[in-house]
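Residue-level listing of the chains:
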Amino acid sequence: MVEPFRIEPALPPAAFQTYAITRRRDTSVAAACEQVGCAAWLHGWESTVDEGTELGRQQAAYIRTQSRRTFREQRTAAGLTVFRFESGQRCFAEHRTAPEFYRVRGGDHRGNPSGFTRTHTRAADWVEDCGEHLQRVADDRKRG
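Keep in mind that this is a model prediction, so the values were computed, not measured. (Residues numbered from 1 in each chain as written. Predicted model: local features only at pLDDT ≥ 70, side-chain atom pairs only at ≥ 80, totals over all residues. Heavy atoms only, no water.)

**Q** Account for the pattern of salt bridges, naming residues and giving values.
**A** Pairing is possible between side chains that carry opposite charge, provided their charged atoms lie close to one another. What the rule picks out here adds up to 11 salt bridges. The shortest N-O distance in the salt bridge between Arg64 and Glu73 comes to 2.6 Å. With relative accessibility at 42%, the residue Glu73 sits in the partly exposed group. A salt bridge links Arg118 to Asp129; the shortest N-O distance between them is 2.6 Å. Here Arg118 is found in strand S8 (residues 117-120), whereas its partner Asp129 is found in helix H4 (residues 123-143), with 11 residues between them in sequence. (Salt bridge = Lys/Arg side-chain N within 4 Å of Asp/Glu carboxyl O. Buried < 20%, exposed > 50% of the residue type's maximum accessible area, 1.4 Å probe, protein only. Helix = DSSP H or I, 4+ residues; strand = E, 2+ residues; numbered from the N terminus.)

**Q** Talk me through the nonpolar core; I want residue IDs and the actual numbers.
**A** If you look at the biggest cluster of nonpolar residues, it comprises 10 residues: Cys33, Cys38, Ala40, Trp45, Val49, Ala60, Ile63, Phe83, Phe85 and Cys91. Elements supplying a minimum of two residues to this core: strand S3 (45-49), helix H3 (54-65) and strand S5 (81-85). In this structure Trp45 touches Ala40, Arg69, Phe83, Arg84, Phe85, Glu86, Gln89, Arg90, Cys91 and Phe92, once residues within four positions along its chain are discounted. (Core = buried A, V, L, I, M, F, W, Y, C linked by side-chain atoms within 4.5 Å. Contact = heavy atoms within 4.5 Å.)

**Q** Go over the sheet that holds S5 with me, naming the residues and quoting the values.
**A** Read across the sheet, 3 strands follow the order S3-S5-S4 without closing on themselves; strand pairing throughout is antiparallel. The sheet terminates laterally at S3 and strand S4 (71-75), the two strands that pair on one side only. Sheet twist, expressed as the average angle between the axes of neighbouring strands with direction ignored, equals 20 degrees. Along the sheet face, H3 touches S3, S4 and S5 and points at about 30 degrees away from the line of S5. (Pairing = 2+ DSSP bridges. Axes fitted to C-alpha atoms, helices over the stretch in contact; angles between N-to-C directions.)

**Q** Can you explain H4? Please cite residues and give values.
**A** If you check H4, its first and last C-alpha atoms are 30 Å apart, about what 21 residues at 1.5 Å a residue would give, namely 30 Å. Every buried residue belonging to H4 is among Trp126, Asp129 and His133, and all of these are buried. Projected down its long axis, H4 shows its buried positions confined to an angular sector of 65 degrees, all on one face. Opposite the buried face of H4, by more than 90 degrees, sit the exposed residues Leu134 and Lys142. Along its buried surface, H4 packs onto strand S1 (17-23), strand S7 (100-106) and S8. Following H4 by one or two positions, Gly144 has its phi on the positive side, about 95 degrees. (Expected span 1.5 Å × (residues − 1). Arc of directions from axis to C-beta.)

**Q** Give a detailed account of the environment of Thr65, specifying residues and quantitative values.
**A** One can find Thr65 in helix H3. At a separation of 2.6 Å, a polar atom in the side chain of Thr65 contacts the main-chain carbonyl oxygen of Ala61. (Polar contact = N/O pair within 3.5 Å; in protein donor to acceptor, adjacent residues only side chain to side chain.)

**Q** Give a description of the side chain of Gln89 that names residues and reports values.
**A** Relative to the helices and strands, Gln89 resides in the loop between S5 and strand S6 (95-97). Overall, the relative accessible area of 12% leaves Gln89 in the buried class. From its side chain, Gln89 meets the backbone oxygen of Glu86 in a polar contact 3.0 Å long. When sequence neighbours within four positions are dropped, the list of residues in contact with Gln89 reads Trp41, Trp45, Arg69 and Thr70.

Purely spatial values, then, with no claim about function.
Below, the structure is given as structure tokens:
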């Protein structure tokens, strides 16, 4: 692997803090619609069922009695049943995603002399931490 080009820092590694988002290469976990930006979750969706078939009757019965989702039901001229589901609720698909780890550590590419490390559980916390750190850097720079 070729090392990236880096400008040599003017300060020692202890003067830096590194923020990184990492993930394991071969790991996936079940995820909620909201986590993966599911279009059905964002905008709602329709499921059209032909209750003239055994499969269609089973699907309609599941939607009406067991799905625990909010929907409106209507019939088409062709005799099909259309279930219209509101946005903001889980769809019927199973989503998977690779979990991300929101890491902060002392130092830079040369090392972490302080040994400081932190892993945030939520992306929002990591972003807030980074923003606060950048504000401290800006304030220190303004002070000279």
